[in-house]
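# Inside the fold
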Amino acid sequence: MAENYNDLQAFIAVAREGNFTRAAAKLGLSQSALSHKIREMEERLGLRLLTRTTRSVSPTEAGERLLRVLVPNFDNIDEAIGSLSELRDKPSGTIRISTTSDYAADSILWPALERLLPQYPDVNVEVICDPTLTDIVAERFDAGISLGEQVAKDMIAVPIGPPTRLVVVGSPAYLDGRPTIDTPHDLAKHDCINMRFLTHGGLYIWEFEKNGIPLNVRVEGRITFNNVNRILLAALAHFGLAYLPEAMVLPHIRAGALRQVLDDWCPLFPGYHLYYASRRQPSAAFSLLIDALRYRGRT
């Protein structure tokens, strides 16, 4: 009994999304058609592959076993099909990128794409901003962008920006008349603008270091975002202290709109990197993107 390729692909999509509606949208099917397709497949196999509840869909034991076999093989098929574009005269295909930072997407990725894409009209790029560390292999992204210290050891990492650091800033209108800030412990006396990670719901703990000794501080405040651009806007609007990439706030510091504190507690760390699976064979389009993004030091 041979299963239809499209039916197997539909099963993988539902299992990955954990939701028939999202999977149907990705596959270009109606939800009822997709549900019928999966039900027929289960009937042919004589096994339930998915457990359905009112809130979610998850693989059964049989479904998990089937996924372990199907996913790597389907990824290899997709990669082989994608590699056929190398036979064409011009690089082509779609590159999917997940980035943990809107700031990196705006200040590093977009300028590179703005230069690259007009030269290669057959190259398409999809960029997803997610402050959590996406499993790029499981989610079928071609690459991810995050700070170098966050990249898994089994990934190939390419630096796309210089070493960087986060700095604590507040507007003069906020800071004037409030308690001085000499150490990170003094942040307890201030309103701080928090960053929340949506996947696990936790707040980012502000990380400091001085004389080689790390110090992590949980801060409190009235406003929380999951986006650094909104945190910057709140700091400029005098709502509290923000902990943001130095390059992002430097123009506002120079203009007098923000003032930096705790400078000697904010160490340098590896900047943003593009990373991808070591087993991946880069396509011509992907190689062009790597070359356009690669950081080569100051010129």
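Residues numbered from 1 in each chain as written. Predicted model: local features only at pLDDT ≥ 70, side-chain atom pairs only at ≥ 80, totals over all residues. Heavy atoms only, no water.

Attention now moves to the confidence of the model for the protein. Across the protein, the average pLDDT comes to 87, with 93% of residues at 70 or higher. Within the protein, helix 4 (residues 61-83) has the poorest average pLDDT of any element, 79, and helix 6 (residues 172-175) the best, 98. (pLDDT = per-residue confidence, 0-100. Helix = DSSP H or I, 4+ residues; strand = E, 2+ residues; numbered from the N terminus.)

With that out of the way, let us pick up helix 7 (residues 228-236). Taken together, the buried positions of helix 7 are occupied by Val-228, Ile-231, Leu-232, Ala-234 and Ala-235. Around the axis of helix 7, the buried residues are gathered within 160° of arc, so they sit on the same side. As for helix 7, its buried residues are in contact with helix 5 (102-116), strand 8 (194-195), strand 11 (224-225), strand 12 (242-245) and helix 8 (246-254). Of the residues that open helix 7, the one with a side-chain oxygen 2.8 Å from the backbone nitrogen of Asn-229 is Asn-227. His-238 lies just past helix 7 and shows a positive phi near 75°. (Buried < 20%, exposed > 50% of the residue type's maximum accessible area, 1.4 Å probe, protein only. Arc of directions from axis to C-beta. Contact = heavy atoms within 4.5 Å. Polar contact = N/O pair within 3.5 Å; in protein donor to acceptor, adjacent residues only side chain to side chain.)

What follows covers the environment of Ser-56. Locating Ser-56 in the fold gives a position in the loop between strand 1 (50-52) and strand 2 (57-59). In this structure, the C-alpha to C-alpha distance between Ser-56 and Asn-19, residues 37 residues apart in sequence, is 5.8 Å. In contact with Ser-56, not counting residues within four places along its chain, are Gly-18 and Thr-51.

All right, on to the packing of aromatic side chains then. Taken as a whole and assessed by the stated rule, the structure comprises 4 aromatic pairs. Aromatic side chains Tyr-204 and Tyr-243 sit 6.4 Å apart centroid to centroid with 20° between the ring planes, which places their arrangement in the stacked category. Taken together, the residues Tyr-204 in the loop between strand 8 and strand 9 (206-210) and Tyr-243 in strand 12 connect sequence positions 39 residues apart. Aromatic side chains Phe-208 and Tyr-243 sit 5.0 Å apart centroid to centroid with 35° between the ring planes, which places their arrangement in the tilted category. Residue Phe-208 is located in strand 9, and its partner Tyr-243 is located in strand 12; the two are separated by 35 residues in the primary sequence. For the pair Phe-208 and Tyr-243, a shared accessibility class is recorded, and that class is buried. Through pairs of rings, three or more aromatic residues link up here, namely Tyr-204, Trp-206, Phe-208 and Tyr-243. A cation over a ring is seen here: Arg-96 above Phe-141, with NZ or CZ 4.1 Å from the ring centre. (Phe/Tyr/Trp six-rings, centres within 6.5 Å; stacked < 30°, edge-to-face > 60°. Lys NZ or Arg CZ within 6 Å of the ring centre and 35° of its normal.)

Here the focus is the sheet that holds strand 12. The antiparallel open sheet is built from 3 strands, whose spatial order is 12-7-13. Strands with a single pairing partner mark the edges of an open sheet, and in this sheet they are strand 12 and strand 13 (259-261). The mean inter-strand angle of the sheet, taken between neighbouring strand axes irrespective of direction, is 50°. As judged from the 4 bridges shared by strand 7 (residues 166-170) and strand 12, these two strands associate in the antiparallel manner. The partner of Val-169 across the bridge, within strand 12, is Ala-242. Where helix 8 meets the sheet, it contacts strand 7, strand 12 and strand 13, and its direction lies at approximately 110° from that of strand 12. (Pairing = 2+ DSSP bridges. Axes fitted to C-alpha atoms, helices over the stretch in contact; angles between N-to-C directions.)

Further remarks concern the packing of helix 7 against helix 8. The geometry of a pair of packed helices is captured by two quantities: the angle between their axes and the separation between those axes. Between helix 7 and helix 8, the shortest axis-to-axis distance is 12 Å and the interhelical angle comes to 25°. Between helix 7 and helix 8, the angle falls in the class roughly parallel. In this structure, the crossing between helix 7 and helix 8 has a hand that is right-handed. On the side of helix 7, the interface is formed by Val-228, Asn-229, Leu-232 and Leu-236, while helix 8 contributes Met-248, Val-249 and His-252. Across the contact of helix 7 with helix 8, the residue classes break down as 5 nonpolar, 2 polar and no charged. (Parallel < 35°, antiparallel > 145°, perpendicular 65-115°, else oblique. Left-handed = near helix turned anticlockwise from the far one by under 90°. Nonpolar A, V, L, I, M, F, W, Y, C, P; charged D, E, K, R; others polar.)

Below, the discussion takes up the sheet that holds strand 5 (residues 143-147). Pairing within the open sheet is mixed, and its 5 strands lie in the order 4-3-5-14-6. The sheet terminates laterally at strand 4 (123-129) and strand 6 (155-159), the two strands that pair on one side only. Strand after strand, the sheet turns through a mean of 25° between neighbouring axes, direction not considered. Note that strand 6 and strand 14 (residues 272-277) share 5 bridges and pair antiparallel. Its bridge partner being in strand 14, Val-158 is matched across the sheet by Leu-274. Each of strand 3 (93-99), strand 4, strand 5 and strand 14 is contacted by helix 5, which is oriented at about 170° to strand 4, the strand it contacts most. The sheet contacts of helix 9 (residues 284-293) involve strand 3, strand 4, strand 5, strand 6 and strand 14, and relative to strand 14 the element is tilted by about 160°.

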